[in-house]
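Coordinate analysis (summary)
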Amino acid sequence: MADGEARWVMAMREALTLAQEPDAPLGENPRVGCVILDRDGAIVGRGHHRGAGTPHAEVVALAQAGDAARGGTAVVTLEPCRHVGRTGPCTAALVQAGVAAVVVGQQDPTDEAGGGARTLRGQGVEVTGGVLGPECERVNAAWTFAVRAGRPLVTWKVAASLDGRVAGPDGGPTSITGPAARAEVHVLRSDVGAIVVGTGTVLVDDPELTVRLAAQGAAIPLRVVVGSRPLPPDARVLDDQAPTLVIDSHDPVQVLADLFDRGIRHVLLEGGPTLAAAFLRAQLVDRVEWYLAPLLLGDGPVALADWATVGGAPVGVDVEDVAIVGEDVRVVGRVRYQQAGL
Ligand code: AOF
Ligand code: ZN
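Counting restarts for each chain: residues are numbered from 1 in the order of the written sequence. To label them, take the chains in the order written and letter them from A, then take the ligands in the order written and number them from 1. Restriction of local features to residues with pLDDT of at least 70 applies here, the model being predicted, together with a cutoff of 80 or more for giving and counting side-chain atom pairs; totals for whole chains, interfaces and linings are based on all residues. Only hydrogens and water are set aside when side-chain values are computed; all heavy atoms of the structure are taken into account.

The subject of this paragraph is the packing of aromatic side chains. Only the six-membered ring of Trp is used, alongside the rings of Phe and Tyr, when aromatic pairs are assigned; centres must lie within 6.5 Å, and planes under 30 degrees apart are stacked while those over 60 apart are edge-to-face, with the rest tilted. Scanning the model with the defined rule gives 1 aromatic pair in all. On the basis of an interplanar angle of 80° and a centroid distance of 5.6 Å, the ring pair of tryptophan 156 and tryptophan 290 is categorised as edge-to-face. Of this pair, tryptophan 156 sits in strand β6 (residues 153-161) while tryptophan 290 sits in strand β11 (residues 287-293), placing them 134 residues apart in sequence. The ring of phenylalanine 260 carries the charged tip of arginine 265 above its face, separated from the ring centre by 3.9 Å. Working definition: helices are DSSP H or I runs of at least four residues, strands are E runs of at least two. Numbering for both runs from the N terminus. For a lysine, the NZ atom is tested; for an arginine, the CZ atom; a charge sits over a ring if that atom is within 6 Å of the ring centre and within 35 degrees of the ring normal.

Here it is in structure tokens:
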């Protein structure tokens, strides 16, 4: 069946492209693509999921394929669901359409929808899993993490000078990184469900926290301000460019629980030093995107305020990528919390 397998991989690549169409939001639901092959291996249906409440990828693709799906193969980036949620189950739709085989990329990690492969096998459908599995999982990396952890993935973005300052001597807004790094942050923002700052950042920096370079149709991230100090009514974060949520809490656990309940699966922590320290102390920073500007400010606040190490040990970062962005350096890594005494 080498021929069949090569065809499956090609179809899965196409399903992966469909899953990442710009109108597929990075929200409560995963991004999923599906391709239907007829008995002879020709593509007769394509579909992708466009977010919570809309039809699943399989249903869209099956509708396009019509009768040609009978005896054919469904190639789908995520294991078909077996639950009745807002839609579904896709397992039933596939069986009803007479599909003989299903090729799956990533297993569905949720309790409710997962297990569709077994359901399909029980109905006589031949199921093959793990085709381009890592690629399929990467499309939904934050979502996969979040459903397993029961809270959103947290990425901390920092822009600091070579001597570790995140603002000038007066603490006020200072342009630390250059235009290329600043443009990149907008791309980073378009990849998350929420951008979180503390009231202190709003009072000092008055950021707008919008995505100015988002792809057409991409979802706008929620702006979240954490803290209890009142905000000036003319704060830019309160304009009508994007929705804003004020959470009157200093507890990162509570903030993330609230955001998870609202369907947010990836949070970008953008400031400032007090909020970042609180999230790190709670071991709730998972990734860091750190822009290092070739600049010595000499004075001014550092990236973390009131910092106390986690359990008496320093926190490490497993570096995954380093790049030069304009005149700055970007380091991306995964945060590693060590045990005390290690
Ligand atoms: C699929 N195909 O295209 C997607 C799936 O209640 P719903 O409709 O919002 O279902 C969402 C859950 O279904 C989601 O958490 C995930 O487990 C699965 N997503 N499954 O068969 C799809 N988007
Ligand atoms: Zn489904």
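Moving on, we come to the pattern of salt bridges. When a carboxyl oxygen of Asp or Glu is within 4 Å of a side-chain nitrogen of Lys or Arg, the pair counts as a salt bridge. Applying the stated criterion across every chain, the model contains 15 salt bridges. Its salt-bridge partner being glutamate 14, residue arginine 46 comes within 2.5 Å of it at the nearest N-O pair. One end of the pair, arginine 46, is in strand β2 (residues 43-48); the other, glutamate 14, is in helix α1 (residues 2-19), and 32 residues separate them in sequence.

Moving on, we come to the site of ligand 1. Within the structure, ligand 1 sits among 20 residues, and His56, Ala57, Glu58, Arg86 and Asp108 are positioned closest to it. Here a polar contact is recorded for every N or O atom pair within 3.5 Å, except that within protein the pair must consist of a potential hydrogen donor and a potential acceptor, and residues adjacent in sequence are included only if both atoms are side-chain atoms. At 2.7 Å, a side-chain N or O of aspartate 108 approaches an oxygen atom of ligand 1. Computed with a 1.4 Å probe, the accessible areas rest on the Shrake-Rupley method; for each residue, only the protein chains presented here act as cover. Protein chains bury 96% of the 520 Å² of accessible surface belonging to ligand 1 in isolation. Ten residues, namely Ala, Val, Leu, Ile, Met, Phe, Trp, Tyr, Cys and Pro, are considered nonpolar, four, namely Asp, Glu, Lys and Arg, are considered charged, and the remaining ones, Gly among them, are considered polar. Looking at side-chain class alone, the shell around ligand 1 contains 9 nonpolar, 7 polar and 4 charged residues. One heavy atom suffices: a residue is near a molecule or strand as soon as one of its heavy atoms comes within 4 Å of it.

This brings us to the sheet that holds strand β4 (residues 101-106). One bridge is not enough; two strands pair if DSSP finds at least two bridges between them. With respect to topology, 5 strands assemble into an open sheet ordered β2-β1-β3-β4-β5, the strand pairing being mixed. Two strands lie at the open edges of the sheet, namely β2 and β5 (126-128), each paired on one side alone. Each adjacent strand pair in this sheet contributes to an overall mean axis angle of 15°, direction not counted. Summarising the sheet, strand β3 (residues 73-78) and β4 pair through 5 bridges and their orientation is parallel. Across the sheet, residue valine 75 finds its bridge partner in β4, namely valine 103. Each axis is a line fitted through C-alpha atoms, and for a helix only the stretch in contact is used; angles between axes span 0 to 180 degrees, taken between their N-to-C directions.

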